[in-house]
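Structure assessment
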Amino acid sequence: MSDKHLPTAGRAHKRVTLITILSAAGAALGGLLFGLDTAVISGATSALQERFALSDAHLGFTVASALIGTIVGALVAGSPSDRFGRKPVLLTVAIAYVVSSLGTALAETWPVFLAFRFLGGLAIGAASVIAPIYIAEVSPPHVRGRLVALNQLNIVFGILLAFISNYVVAGLVSPDMAWRWMFGIVTIPSALFLAVTLVLPESPRWLVSADRDAQALTVMDRLGFPDPAEDMRHMREATARDVAASHATGKLFTGAHSFPVACAIAIAMFNQLSGINALLYYAPHIFELSGAAADSAMLQSIAIGGTNLVFTIAAMFLIDRFGRRPLLFFGSIATAAALFLVAWQFESKTPNGTLVLVGLLGFIAAFAISQGAVIWVFISEIFPNTVRGKGQALGSTTHWIMAAAITWAFPVFATHVGGWVFAFFGAMMLLQFFWVWKVMPETNGISLEDMNLERAGR
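All values reported here derive from a predicted model rather than from experimental measurement.

This part takes up empty space enclosed by the protein. The gaps left among the atoms become clear once a water-sized probe is rolled over them. Following the criterion strictly, the structure yields three cavities of 30 Å³ or more and no others. Computed from the structure, the second largest cavity encloses a volume of approximately 170 Å³. Looking at the second largest cavity, it is lined by 19 residues, and the ones nearest its centre are Q152, I155, N277, F367 and H399. Taken together, the elements giving at least two residues each to the lining of the second largest cavity come down to α2 (18–39), α7 (144–172), α13 (258–273), α14 (276–289), α18 (371–382) and α19 (388–417). Residue composition of the lining of the second largest cavity, grouped by class: ten nonpolar, nine polar and no charged.

Shown next, in the form of structure tokens:
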């Protein structure tokens, strides 16, 4: 995309300051905890089922309890972030992470464990809304994809850390206490995130929307905006244009916003209809179903996490170079092929554990380099400034509703329909390919203020 969408002063200054990078990285620590909290339970499912005498359905609900919290967290985070700022909500998220990790580690009863997992889910849901918005709003257009993708990189790094931590803890601590250590270790990065969030600058775009011009100019200068006064004028013009188009400040569900609303819902649904969270939450269990021993299943889970990390790093270098749509075109076909391979193996009389591993690693690689990197970037870009918080909340809420439903149901479906569940996920990826082809716009290289103009010109 050309620089015609950038403010004039920005065309000659394609640079990124250290403070911008550090601010993005600091907010992305919320993604690290997102990944840790998401995957840490995968190593504790058997212990939790035994400790609290859970049926398969109750185990599914236990794993999904955090996801139910994410739905609520995603729903409620947008409005406070638009009203009070991005930073106060990030601070609240950090505190919730600390309390949740301690509470789950020390829980003595199933209801108490569920309550603290739900609190952790609230934090994950809110972080999935606020962190991408914050990073997008402090980033220049030409590297916005890469910087927002830092959040996704930290998510998958957190997932890998959870798999490694679970494996190490399982080898060092007695089985009846290992699950407590798995959850308790999350307290350390949670405390780090809390400390870092205290020193983050507020989003300059939010400051402008709140009429705190002096603070906004100071922050923009620190972040290396080439011409803060001109950028502020451009932000105000965009806000006025968005309000005039919607005829109501801050209302998301209007005709003017129907296209980004539909796009956010669609990309969030397809993200989960890939089956990604079923794999992440139940990775050891899936490998055991294919014939792997328990310790081997843990190691194969680490391979999943490592592949996820490597290909997410690759996506960071590709997302601003090739754009969002090309990555999703590739990912749709590649994930579908890998999932059909897994389905075929699980439905065969003697599943080949090696081919199952190849299929799942191929799936996670294709997912990481495509929708894993694109979803949070795309949703943070597609909405105008006036409703970005609410729009991000809508996309995140859709994502987490789908995640909760699929995670809750997966153990039951895996038992009763076997490999056909993976075939269903593969079919959904083929459907995603046609949605990207026919509907999805490209957002690469367009300034956030000019996104509406670009969509109008498609």
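Right, let's get into the nonpolar core. Within the largest apolar cluster, 132 residues are counted, with the highest numbers of intra-cluster contacts made by Y97, F183, F410 and F422. The contact partners of F183, leaving out residues within four places of it in the chain, are V40, I41, A44, L48, S101, T104, A105, F113 and R117.

Confidence along the chain averages 82 in pLDDT terms, with 87% of residues attaining 70 or more. Least confident of the elements in the chain is helix α1 (residues 8–11), whose mean pLDDT is 40; most confident is helix α20 (residues 420–438), at 94. Predicted confidence for residues 1–13 stays below pLDDT 50, and this span has 23 contacts to residues more than four positions away or in other chains.

In this model, helix α4 (residues 56–84) (29 residues) spans 42 Å end to end at C-alpha, consistent with the 42 Å of a helix rising 1.5 Å per residue. The largest bend in α4 amounts to roughly 40 degrees and is located at A64. G85 sits one or two residues past α4 and shows a positive phi near 115 degrees.

Cut-off values and rules
Residues numbered from 1 in each chain as written. Predicted model: local features only at pLDDT ≥ 70, side-chain atom pairs only at ≥ 80, totals over all residues. Heavy atoms only, no water. 1 Å grid on protein atoms, 1.4 Å probe; cavity = no way out; pocket = protein on both sides within 12 Å on 5 of 7 lines; lining within 4 Å. Points joined across faces, edges and corners; volume = space filled by probe spheres on them. Helix = DSSP H or I, 4+ residues; strand = E, 2+ residues; numbered from the N terminus. Nonpolar A, V, L, I, M, F, W, Y, C, P; charged D, E, K, R; others polar. Core = buried A, V, L, I, M, F, W, Y, C linked by side-chain atoms within 4.5 Å. Buried < 20%, exposed > 50% of the residue type's maximum accessible area, 1.4 Å probe, protein only. Contact = heavy atoms within 4.5 Å. pLDDT = per-residue confidence, 0-100. Expected span 1.5 Å × (residues − 1). Bend = angle between axes of the 7 residues up to and from the residue.

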